[in-house]
Amino acid sequence: MNKKRLMALVMVGLMLVMSCAAFTVQAEEKQKLVISTYLATDAQVAVREQFIDGPLAEAFPDVDIEIKMYNDRQSLMVEVAGGGGPDILDLDGPTDVAEFAKADRVLPLDAYAEQYGWADLFYDWAYNSCFYNDTLYSLPTSFEGMMMYYNNDVFEANGWEIPQTLEELVALMPVIQEAGIIPISFGNSNYQGAVDWLYSTFTSCYGGPANVKAAMEGTAKFTDEPIRASVQMMVDWWKNGWIGDRNSMSITNQDMITFFAEGRAAMMINGTWAANELLASYPDCNWISYMMPAGEYGEILPFATGGGYAINANSDNADLAAEVMDFLFRSEERHYASINEAGYQPYPVKWFDISKLEMDEKLMAQYELLISAQLNNQIGYCSWTFYPSEMRVYMNENTDSMFLDMLTVEDYLATSQTYIDAAIEDGTIPVLP
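Residues numbered from 1 in each chain as written. Predicted model: local features only at pLDDT ≥ 70, side-chain atom pairs only at ≥ 80, totals over all residues. Heavy atoms only, no water.

Q: Can you explain helix α10 (residues 209–217)? Please cite residues and give values.
A: Those residues of α10 that sit buried are P209, V212, A214, A215 and M216. On the buried face of α10, the contacting elements are α9 (195–205), α11 (225–239), β13 (379–381), α17 (383–386), α18 (389–403) and α19 (409–426). Just downstream of α10 lies G218, where phi reads positive at about 85°. (Buried < 20%, exposed > 50% of the residue type's maximum accessible area, 1.4 Å probe, protein only. Helix = DSSP H or I, 4+ residues; strand = E, 2+ residues; numbered from the N terminus. Contact = heavy atoms within 4.5 Å.)

Dropping the structure here:
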């Protein structure tokens, strides 16, 4: 064999080896999909790995799915604004999503909604809340509501009855205060925006959900007397020391739960999400929760979607992201297990069946209230789902100023109304059920 022929064969062999190696590398490479989440404890990460990461890896073996943690919303927004960021953004709810949508940082999902039949998958109120400017930009990841929590041991030790009406509650709070106990635990020193738990509750429960809805739709005003009176009530309660003992700006969200669990406060206005914290961190706390005591409008449960999945406009794998989102909302066995075993909040999906839940009876009672409130039209409106995003930002930043007499209720509501007017004008007002 001459040298030229030998060299040719060697070159062919090398090319075959290199082709095989390239094919092997290519075969081993997987599509990459990144989903955002916020910082979590080791225990929360372990739970997520069991009920989210693991099932996703099993369902999508050819995809490298990473759950990437962010310190806060701002750090996520900066990365997305810079042209990067995760494929799926796990955001705080429709008003949060709207901030990204206004900057064209998330993709419209209408085509995917038609492809996967999402309109038929979710409760109408939750699905409709995810539209911004008549376009679907997210899917709701949970449903939740605002409750009044009662420390049974405190009530029993002092011989107090749990109030059934607003009048009974107002009469009881000075009595609780005289006993050296904070009537309603509250704190927002680590998260100023927690005030939206308060004003969402007061405007819905004591201003009336129909009045809030009318204001958002432009047939009434947020400055009208029913809503003005409910906000004034909230301010008066804070000034009386009934909410947070006039010290809420020095108390963290965690402190407020601790004060309640340890009996330093008799009651607590908090979301359904607080139940898991109480059960996990304070298993000996003897508590119960109900809708707020009934006022003029009866018993009302302020509702919200607890978060929203959106697809990053920078994503190179939008189709895959939509497929992963659809899987998460349709994997029934996984979802029921995550609720029963890890206390996850339920998706607002029509296939959700409360009879399949197995959990602490206090938590079960909350879910029963959430379901019955929908059936009985007792829905109120939490700001992080049903208020214009700019309005919510303004209210979150200025509620404390009312408490401190730096801003009048009238001026606070008048400015809030301007954001409603602007949202109605440009077609971005949220859809209220």
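Q: With reference to specific residues and values, describe the pairing of strand β12 (residues 308–311).
A: Taken residue by residue, a regular strand's side chains alternate between the two faces of the sheet. Residues G308 and A310 point to one face of β12 and Y309 and I311 to the other, with burial holding for every one of them. In terms of strand pairing, strand β3 (residues 88–91) meets β12 through 4 bridges, oriented antiparallel. From the neighbouring strand, D90 faces β12, where its bridge partner is Y309. Strand direction decides the pairing type here: strand β6 (residues 139–140) and β12, joined by 2 bridges, are antiparallel. Paired with P140 across the two strands is G308, which belongs to β12. (Pairing = 2+ DSSP bridges.)

Q: Give me the lowdown on the packing of aromatic side chains, citing residues and values where you can.
A: This structure, assessed with the given rule, holds 31 aromatic pairs. Summarising the aromatic geometry, the rings of W125 and F386 are spaced 6.3 Å apart at their centres and angled 45° between planes, so their arrangement reads as tilted. Taken together, the positions of W125 in helix α6 (residues 124–128) and F386 in helix α17 put the pair 261 residues apart, joining distant regions of the chain. Here the two residues W125 and F386 agree in accessibility, since each one is buried. Through a chain of ring-to-ring contacts, the aromatic side chains of F122, Y127, F131, Y309, F329 and Y347 assemble into a single cluster. Directly above the ring of W287 sits K362, whose terminal nitrogen or CZ lies 5.4 Å from the centroid. (Phe/Tyr/Trp six-rings, centres within 6.5 Å; stacked < 30°, edge-to-face > 60°. Lys NZ or Arg CZ within 6 Å of the ring centre and 35° of its normal.)

Q: Any chance you could break down the environment of F303 for me, citing the residues and the numbers?
A: Turning to its location among the elements, F303 is positioned in strand β11 (residues 301–305). Assessed through its relative accessible area of 0%, F303 is described here as buried. For the pair F303 and T385, spaced 82 residues apart in sequence, the C-alpha to C-alpha distance is 8.2 Å.

Q: Help me get a handle on the layout of surface pockets, residues and values and all.
A: Taken as a whole, the second largest pocket spans an internal volume of roughly 240 Å³. Around the second largest pocket sit 23 residues that line it, and A98, Y132, P388, S389 and T428 are the ones nearest its centre. Of all the elements in the fold, those that place two or more residues in the lining of the second largest pocket are α4 (94–102), β4 (131–132), α18 and α19. Class assignment of the residues belonging to the lining of the second largest pocket gives a composition of 15 nonpolar, 5 polar and 3 charged. (1 Å grid on protein atoms, 1.4 Å probe; cavity = no way out; pocket = protein on both sides within 12 Å on 5 of 7 lines; lining within 4 Å. Points joined across faces, edges and corners; volume = space filled by probe spheres on them. Nonpolar A, V, L, I, M, F, W, Y, C, P; charged D, E, K, R; others polar.)

By themselves, these figures tell us nothing about what the structure is for.
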